[in-house]
Amino acid sequence: MQITIPEARALTIDTFKAGLVPMIAGSPGLGKSDYLKSIADEFDLKVIDVRLSQADSVDLNGFPTIDKDAGVSRYIPFDTFPTEKMPLPEGKKGWLLLLDEINSAPNLVQAAAYKLILDREVGQEKLHEKVITVAAGNLSTDKAIVNKLSTAMQSRLVHLQVKADLPSWANWARKPENDIDYRVLAFLQFKPDLLHKFDPDHNDVTFPCPRTWHFLSRLVKGMKELTNDKLPLLAGTVGEGPAIEFKVFADIFETLPTKKQLIDMPEHVQISDDPSVKFALTALVANIADTDNIDPLLKFIERLPLEFQVICMQNIFQKSMELLQHPLVVKWKIAHASELI
């Protein structure tokens, strides 16, 4: 059963509260690590990211040391893992131990992780009571480097499988703190199938997914015009086909009305019948909207087909609390409440 990232986030917290260890599986580039780190931020936890695919069984069992006084050999845990004797990290309430790439780890390392996951022990010491543990990995069907989890490991975990989901990603992308270029958001609203298009047998050097679209957004942010010489850069980020489609879409913005035209004559600006242009217009209007110009912009927005009004206003809602509470915006929300649900 596949679930969206927001659904997985809520269920992961439920699993933590029950004192169990979730296993988050999903295709590469979906943002599994990012949402786990957001949970750590919410609960003031320090993230310890352990890549089990690069680990040795000694890393989990501890380093063998001779105790001369007792005449025995002991295993001393590495300081990677917070034990019960360690103080809390400064300014934090505990730790989130992320055992990433668990199903890419060799069988010996997986076996060494049994004790860590179920018994909360590393070497001969207990994990600190303020440590919560989560595992993550890719899907075997994606032809990533994946080893099947043993049945012993399977039964030690609560399994959650995540999928790409445009509405969830768009809600994340609209938040100002995530700083996603408005052209990228508009393009993926226009071409939702390209949010995550992963073929394990693809021949391109990369592929479109939430991670690579975030990279592309960072690259084009601040570029008012995407010239042809930038195309290899885009192709090296999301793949050649998606890059060409995005470049063609981005070029539409050069043909759109100016901010001054949209504000000064919202009832007379021409609206194309081309859906790609309408998607671009919704992104442009949302990008320039503020409390000073929302009155004329709403006059323009209300000339759009209803589905594009909703897209545009959803983008506007996330800009600021002041804009969200603007009387004209509230009035529009009340009038179109059924379409927003």
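Scroll up to find the structure.
Residues numbered from 1 in each chain as written. Predicted model: local features only at pLDDT ≥ 70, side-chain atom pairs only at ≥ 80, totals over all residues. Heavy atoms only, no water.

A. Focus on the overall build of the chain. In terms of regular secondary structure, the chain is built from 17 helices and ten strands. Expressed as lengths along the three principal axes of its C-alpha atoms, the size of the chain is roughly 90 × 45 × 35 Å. Counting all 341 residues of the chain, 45% fall into the buried class. Put simply, of all contacts in the chain between residues at least 6 apart along the chain, 70% involve residues at least 24 apart. Summed over all atoms, the accessible surface of the chain reaches about 17,700 Å², with 52% contributed by carbon and sulfur. Separation between the mean location of the 38 positive side-chain charges and that of the 46 negative ones in the chain comes to 2 Å. (Helix = DSSP H or I, 4+ residues; strand = E, 2+ residues; numbered from the N terminus. Buried < 20%, exposed > 50% of the residue type's maximum accessible area, 1.4 Å probe, protein only. Contact = heavy atoms within 4.5 Å. Areas by Shrake-Rupley, 256 points an atom, 1.4 Å probe, with all protein chains shown as cover. Lys, Arg positive; Asp, Glu negative; His and termini not counted. Charge placed at Lys NZ, Arg CZ, Asp CG, Glu CD.)

B. The arrangement of the packing of helix H12 (residues 275-288) against helix H14 (residues 306-317) in detail. Running from amino to carboxyl end, H12 crosses H14 at an angle of 30 degrees, the nearest separation of the two axes being 8 Å. Taken as axis vectors, H12 and H14 run roughly parallel relative to one another. As H12 packs across H14, the resulting crossing turns out to be right-handed. Every residue of H14 that contacts H12 at Pro275, Lys278, Phe279, Thr282, Val285 and Ala286 is listed here: Phe308, Ile311, Cys312, Asn315 and Ile316. Broken down by class, the residue content of the contact of H12 with H14 amounts to eight nonpolar, two polar and one charged. (Axes fitted to C-alpha atoms, helices over the stretch in contact; angles between N-to-C directions. Parallel < 35°, antiparallel > 145°, perpendicular 65-115°, else oblique. Left-handed = near helix turned anticlockwise from the far one by under 90°. Nonpolar A, V, L, I, M, F, W, Y, C, P; charged D, E, K, R; others polar.)

C. Seen up close, empty space enclosed by the protein. A full pass over the atoms with the stated rule returns one cavity of 30 Å³ or more. By volume, the largest cavity amounts to about 30 Å³. Going through the elements one at a time, helix H3 (57-61), helix H4 (107-119) and strand E7 (121-122) are the ones with two or more residues in the lining of the largest cavity. By residue class, the composition of the lining of the largest cavity is four nonpolar, two polar and two charged. (1 Å grid on protein atoms, 1.4 Å probe; cavity = no way out; pocket = protein on both sides within 12 Å on 5 of 7 lines; lining within 4 Å. Points joined across faces, edges and corners; volume = space filled by probe spheres on them.)

D. Spotlight on the sheet that holds strand E6 (residues 94-100). In spatial order, the strands read E1-E10-E2-E9-E6-E3; together these six strands make up an open sheet with parallel pairing. The open sheet has two edge strands, strand E1 (2-3) and strand E3 (45-51), and neither has a second partner. Sheet topology places strand E2 (residues 22-25) next to strand E10 (residues 158-162); four bridges connect them, and they run parallel. Note that in E10 the partner of Pro22 across the bridge is Val158. Running over the sheet, helix H1 (residues 5-17) touches E1, E2, E6, strand E9 (131-137) and E10 and is turned about 165 degrees from E10. (Pairing = 2+ DSSP bridges.)

E. Spotlight on the packing of aromatic side chains. According to the stated counting rule, one finds eleven aromatic pairs in the structure shown. Each ring, one from Phe187 and one from Trp213, has its centre 5.6 Å from the other, and the planes form 55 degrees; the classification is tilted. With a gap of 26 residues between them, Phe187 in helix H7 (residues 182-190) and Trp213 in helix H8 (residues 210-220) connect regions that are remote in the sequence. Trp213 shares its class with Phe187; the two are buried. Among the aromatic residues, those joined into a cluster by ring pairs are Tyr182, Phe187, Phe190, Trp213, Phe246, Phe249, Phe253, Phe279 and Phe308. Sitting above the plane of the Tyr182 ring, Arg183 keeps its charged end 6.0 Å from the centroid. The residue whose ring lies beneath Lys333 is Phe317, and the NZ or CZ to ring-centre distance is 5.4 Å. (Phe/Tyr/Trp six-rings, centres within 6.5 Å; stacked < 30°, edge-to-face > 60°. Lys NZ or Arg CZ within 6 Å of the ring centre and 35° of its normal.)

F. Molecular detail of the pairing of E2. Side chains Pro22 and Ile24 of E2 all project onto a buried face; the interleaved residues Met23 and Ala25 project onto the opposite face, where all are buried too. Relative to E9, E2 runs parallel, the two being bridged by three bridges. In the strand pairing of E9, Ala25 is matched with Gly137.

G. Structural detail: a nonpolar patch on the surface. On the surface, Val58, Phe63 and Phe78 cluster together into a nonpolar patch covering about 240 Å² of accessible area. Note on placement: Phe63 falls in strand E4 (residues 63-67). (Patch = residues over 30% accessible without salt bridge, like charges linked within 9 Å, V, L, I, M, F, W, Y side chains within 5 Å. Salt bridge = Lys/Arg side-chain N within 4 Å of Asp/Glu carboxyl O.)

H. Inspection of the pattern of salt bridges at higher detail. What the rule picks out here adds up to twelve salt bridges. Note that Arg51 and Asp49 form a salt bridge whose closest N and O atoms lie 2.9 Å from each other. A relative accessible area of 29% means that Asp49 is categorised as partly exposed. Taking the shortest distance from any N to any O, the salt bridge between Glu121 and Lys115 comes out at 3.9 Å. On the accessibility criterion, Lys115 (34% relative accessible area) is partly exposed. Linked through salt bridges whose partners overlap, the residues forming this network are Asp49, Arg51, Asp100 and Glu101.

I. Focus on the side chain of His128. The residue His128 is located in the loop between strand E8 (125-126) and E9 in this model. At 3.4 Å, the side chain of His128 and the backbone oxygen of Met86 are in polar contact. Ignoring any residue separated from it by four or fewer positions in sequence, one finds His128 in contact with Pro82, Thr83, Glu84, Met86, Leu88, Trp95 and Arg120. (Polar contact = N/O pair within 3.5 Å; in protein donor to acceptor, adjacent residues only side chain to side chain.)

J. Region of interest: helix H9 (residues 231-238). Inspection of H9 places Leu234, Ala235, Thr237 and Val238 among the buried residues, and these make up the whole buried set. Mapping the buried residues of H9 onto a view down its axis gives an arc of 165 degrees, with all of them on the same face. Counted as exposed and oriented over 90 degrees from the buried face of H9: Pro232 and Gly236. On its buried side, H9 packs onto H8 and helix H10 (240-252). Looking one or two residues past H9, Gly239 carries a phi angle of roughly 100 degrees, positive in sign. (Arc of directions from axis to C-beta.)

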